[in-house]
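# Observations on the model geometry
Given next are the chains, with one letter for each unit.
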Amino acid sequence: ATQSEPGAMKAGESHSAVPTVHFADPPASCVSEKSGEAPTKVSQVVNEQQLKGPPVASICKLFSLVDCKESLILLLGLLGAIGNGVTQPVVLVVFGDLIDGMGSGSAVELPANVTPEQMALLMNGAMDSMMSEMERLCIIMCLIGLANTVAATLQGACFKIFSDMQTKKYRVLYFKSVLFQDVSWFD
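Residues numbered from 1 in each chain as written. Predicted model: local features only at pLDDT ≥ 70, side-chain atom pairs only at ≥ 80, totals over all residues. Heavy atoms only, no water.

Quick look at the overall build of the chain now. Counting its regular elements, the chain contains four helices and zero strands. Reading the secondary structure of the chain in the N-to-C direction produces α-α-α-α. Here the chain holds 187 residues, and 10% of them are scored as buried. Sequence-distant contacts, at least 24 apart, represent 78% of the contacts inside the chain between residues at least 6 apart. If you sum the accessible surface of the chain, you get close to 15,600 Å²; carbon and sulfur atoms cover 66% of it. (Helix = DSSP H or I, 4+ residues; strand = E, 2+ residues; numbered from the N terminus. Buried < 20%, exposed > 50% of the residue type's maximum accessible area, 1.4 Å probe, protein only. Contact = heavy atoms within 4.5 Å. Areas by Shrake-Rupley, 256 points an atom, 1.4 Å probe, with all protein chains shown as cover.)

What follows is the structure in structure tokens.
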């Protein structure tokens, strides 16, 4: 008898690297009427868990451990969030005024008989008033940007601090509840 090479396939072997496992047919009492397949114990447990879902905590339950200091931090975070959200529409209004101000300086009423020197003086005056309005609106936009930066920082920092404090409290409670479980719970 000749010995075959280690990588050679014998007759009847499949080309897949994963071996196939064949199970015996389930008894007729276990076959589902709808799909014709046998339900497995694992699928039954998964289906029951999907139907029940995780227990849902109410908002009141989530905020039940909040103390006065954390309430103040949360309030500051909410004020920062409101300030952060309000700045966007305010910038749009100021930007609209900025665009309007660019066009308003060019609409100067001219008398019928205007000399070129008078025309130059009128245009320079209109240009100066337009530029002063632009400077004012640009300063307002910079102040809005500064206020937005402060509000966004306040929002992010306060919400982060609040969530860290709450997470620490819930972790301690969870650890205490795990410590007092019966030994059989860990199996």
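It is worth spelling out the packing of aromatic side chains at this point. Applying the stated rule across the entire model yields one aromatic pair. On the basis of an interplanar angle of 25 degrees and a centroid distance of 6.0 Å, the ring pair of F63 and F162 is categorised as stacked. With a gap of 99 residues between them, F63 in the loop between α2 (59-62) and α3 (68-104) and F162 in helix α4 (residues 116-179) connect regions that are remote in the sequence. When its relative accessible area of 9% is taken as the criterion, F162 is described as buried. (Phe/Tyr/Trp six-rings, centres within 6.5 Å; stacked < 30°, edge-to-face > 60°.)

A few words on a nonpolar patch on the surface. A cluster of nonpolar side chains, contributed by L72, L75, L76, L79, I82, V86, V90 and L154, occupies part of the molecular surface with about 670 Å² of accessible area. Here the nonpolar patch gets seven residues from one element, more than from any other, and that element is α3. Position of L75 among the secondary structure elements: in helix α3. (Patch = residues over 30% accessible without salt bridge, like charges linked within 9 Å, V, L, I, M, F, W, Y side chains within 5 Å. Salt bridge = Lys/Arg side-chain N within 4 Å of Asp/Glu carboxyl O.)

By the element assignment, T87 lies in helix α3. Among the residues examined, T87 registers a relative accessible area of 10% and is labelled buried.

A few words on the pattern of salt bridges. Using the criterion set out here, one finds three salt bridges in the structure. In this structure, the salt-bridge partner of D164 is K160, at a minimum N-O distance of 3.3 Å. With D164 and K160 both in helix α4 and four residues apart, this pair spans about one turn of that helix. Judged by relative accessible area, which is 39%, D164 ranks as partly exposed.

Looking at the element boundaries, Q166 is found in helix α4. Since its relative accessible area comes to 7%, Q166 is described here as buried. When sequence neighbours within four positions are dropped, the list of residues in contact with Q166 reads L62, L65, V66 and E70.

A word on α4. With 64 residues, α4 extends 93 Å between its outermost C-alpha atoms, agreeing within 8% with the 94 Å of an ideal straight helix rising 1.5 Å per residue. By the burial criterion, the buried members of α4 are A126, M130, M134, L137, I144, A151, C158, F162, Q166 and V178. (Expected span 1.5 Å × (residues − 1).)

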